Amino acid sequence: MTRRLRPTLRLRLTLLNGVLLVGAGAVLVVLAWLLVRDALRPSDELRPGTTVLLADGRSLDAADWQRQLVDAASQELLLKGLVALLAISVVGVAGAYLVAGRALRPLHQVTATAQRLGEATLDQRIGWSGADDEVAELARTFDAMLDRIAAAFESQKRFVANASHELRTPLAVMRTEIDVTLSDDDADTAEYRRMATVVRDASERANGLVDALLVLARSEAQTGRRLARRTECDLATGTANALSAMAREVERIGLRVQTSLRPAPVVGDPGLLDRLAGNLIENAVRYNHLHGRLWVRTDSDGRTSRLVVGNTGFEVDQADVPGLFEPFRRGGRERTGARGSGLGLSIVRAVCDAHGGTVTVLARPGGGLEVTVALPAADVDCPATPARSGGAALAVRSEPHRRR
């Protein structure tokens, strides 16, 4: 099939330059023609009926001689002007085509790079080193976009690998327990009960991980658009429910709990907001130590509603704090609880992002964290997207560490 001629940008720039050049040249020729016709009026200063003697001995009326002179000059000007215009137009259009091609060369490099891109070639970049103009800015922007895409691909690969590993562990435990018990011909009722208990615990762990993945996917799916559910609720109520759910674990560890639950009205998805408070409380308990402290505060200033959850525990390095919000990342060493799914703070960040809020993490001296969630209050329009693109704003601060 014959390839159709496309109106490429290079061709359009060349045609535009040609039209402007021909138009400007034509205007100059017409102006020159008018100026010549107006300038060649010598007989206007002579008396009517005056004759002029030409070099060849002929005698002509001044008006006739002027008319012949003007006509001859006009014809010669038009002829030579049109020839010059044609030559300049050809040279100008050809030059514009070459210049446009050279100026648009980086765009071809962008296209070629984009056509070569794939999962295995995300490391390729344009690397434009020409003049620092708009095309160079486009090339740098394209390279920066590729950096973000490559980082997102790597993050997704790690997420899938970690999720597979986390799901494989309880499944392997269940399979092993079942195989071992069934292969024992002398297994009694007590042995089967023990197997059933192990299988139940492993299935609960797998079910909890699947639920966490679904909540994370649901939260991230609402990022950048309006929430599917928008109901006025209070962060203090969800926080109180989360504390009540963890009361037995708090008592077992012997934590000292300090609460100041003032009204903190927000507009959003109640289920996601309850999960946000629950994850923060669970992490504060799980990554605490025996007879440690846990403090929880909620308040609102009319524009922003806040939830603050702090705990004692192991000392967290400044460099490790941002990684705590990545899926399946667990910082430091836990002291009191079973290892969780590693999605708690990832869900917190995704929920804050969906509600247009921010998460601020303070690494405390001597150990522990203080996490502050700030969301638009109920009487303030909740934005569909946060102020900064790419996720909830995550501010990480660290006080100077004092070794105990």
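Along each chain, residue indices are assigned from 1 in the same order as the chain's sequence is written. Residues qualify for local features only when their pLDDT is at least 70, as the model is predicted, and side-chain atom pairs are given and counted only at 80 or more; totals for whole chains, interfaces and linings, by contrast, use all residues. Only heavy atoms go into the side-chain values, all of them from the structure, while hydrogens and water stay out.

1. Some points on the overall build of the chain
And then number 1: Helix and strand assignments come from DSSP, with helices taken as H or I runs of at least 4 residues and strands as E runs of at least 2, each series counted from the N terminus. If you tally the helices and strands in the chain, you get nine helices and ten strands.
And then number 2: The buried share among the 404 residues of the chain stands at 36%.
And then number 3: Only the protein chains shown count as cover for residues, with accessible areas throughout obtained via the Shrake-Rupley method and a probe of 1.4 Å. Carbon and sulfur atoms form 56% of the exposed surface of the chain, whose accessible area is close to 24300 Å². Buried residues are those whose accessible area, probed at 1.4 Å on protein chains only, stays under 20% of the maximum for their type, while exposed residues exceed 50% and partly exposed ones sit between those limits.

2. A few points about the pattern of salt bridges
Side chains that differ in sign of charge can pair as their charged atoms come close.
And then number 1: Salt bridges are counted wherever a side-chain nitrogen of Lys or Arg sits within 4 Å of a carboxyl oxygen of Asp or Glu. A complete count under the given rule lists seven salt bridges for this structure.
And then number 2: Put simply, Lys 80 and Glu 76 hold a salt bridge, and the shortest N to O gap is 2.8 Å. Of the two residues, Lys 80 and Glu 76 both sit in helix 2 (residues 62-103), four residues apart, roughly one turn of that helix.
And then number 3: The exposed category is assigned to Lys 80, whose relative accessible area is 55%.
And then number 4: Overall, Glu 76 belongs to the partly exposed group, its relative accessible area being 44%.
And then number 5: One salt bridge connects Glu 191 with Arg 194, and the closest N-O pair in it is separated by 3.0 Å.

3. Here's the deal with the confidence of the model for the chain
And then number 1: Confidence scores here are pLDDT values: one per residue, from the predictor, ranging 0 to 100. Mean pLDDT for the chain: 75, with 72% of residues reaching 70 or above.
And then number 2: Two residues qualify as a contact provided that any one of their heavy atoms is within 4.5 Å of a heavy atom in the partner residue. Within the model, the stretch residues 381-404 combines pLDDT values under 50 with 58 contacts to residues more than four positions away or in other chains.

4. Remarks on the packing of helix 6 (residues 235-245) against helix 8 (residues 270-286)
And then number 1: Axes here refer to lines fitted to C-alpha atoms; in helices the fit is confined to the stretch in contact. Angles between the N-to-C directions go from 0 to 180 degrees. For the pair helix 6 and helix 8, interaxial distance at closest approach is 8 Å and the crossing angle is 45°. In terms of orientation, helix 6 lies oblique with respect to helix 8. With respect to the hand of their crossing, helix 6 and helix 8 are arranged in right-handed fashion. Contacts from Leu 235, Gly 238, Thr 239, Ala 242 and Leu 243 of helix 6 reach helix 8 at Leu 273, Asp 274, Ala 277, Gly 278 and Ile 281.
And then number 2: Each residue belonging to the contact of helix 6 with helix 8 can be placed in one class, and the counts come to six nonpolar, three polar and one charged. In these notes the angle categories are as follows: under 35 degrees is roughly parallel, over 145 is roughly antiparallel, 65 to 115 is roughly perpendicular, and the rest is oblique. Should the near helix be turned counterclockwise from the far one by less than a right angle, the crossing is left-handed, whereas a clockwise turn marks it as right-handed. Here the nonpolar group is Ala, Val, Leu, Ile, Met, Phe, Trp, Tyr, Cys and Pro; Asp, Glu, Lys and Arg are the charged ones; every other residue, Gly included, is treated as polar.

5. Considerations on unusual backbone geometry
And then number 1: The backbone of His 291 shows a phi angle near 60°, a positive value even though the residue is not glycine.
And then number 2: Position of His 291 relative to the elements: it lies in the loop between helix 8 and strand 6 (293-300).

6. Some details on the side chain of Thr 181
And then number 1: Relative to the helices and strands, Thr 181 resides in helix 4 (residues 134-183).
And then number 2: Assessed through its relative accessible area of 1%, Thr 181 is described here as buried.
And then number 3: Leaving out residues up to four positions away in the same chain, Thr 181 has contacts with Ala 187, Glu 191, Tyr 192, Arg 194 and Met 195.

7. Overview of a nonpolar patch on the surface
And then number 1: A cluster of nonpolar side chains, contributed by Val 27, Leu 28, Val 30, Leu 31 and Leu 34, occupies part of the molecular surface with about 440 Å² of accessible area.
And then number 2: Looking at where Val 30 falls in the secondary structure, it is placed in helix 1 (residues 9-39). Two joining distances apply to patches: 9 Å for like charges and 5 Å for nonpolar side chains (Val, Leu, Ile, Met, Phe, Trp, Tyr), and every residue must have over 30% relative accessible area and no salt bridge.

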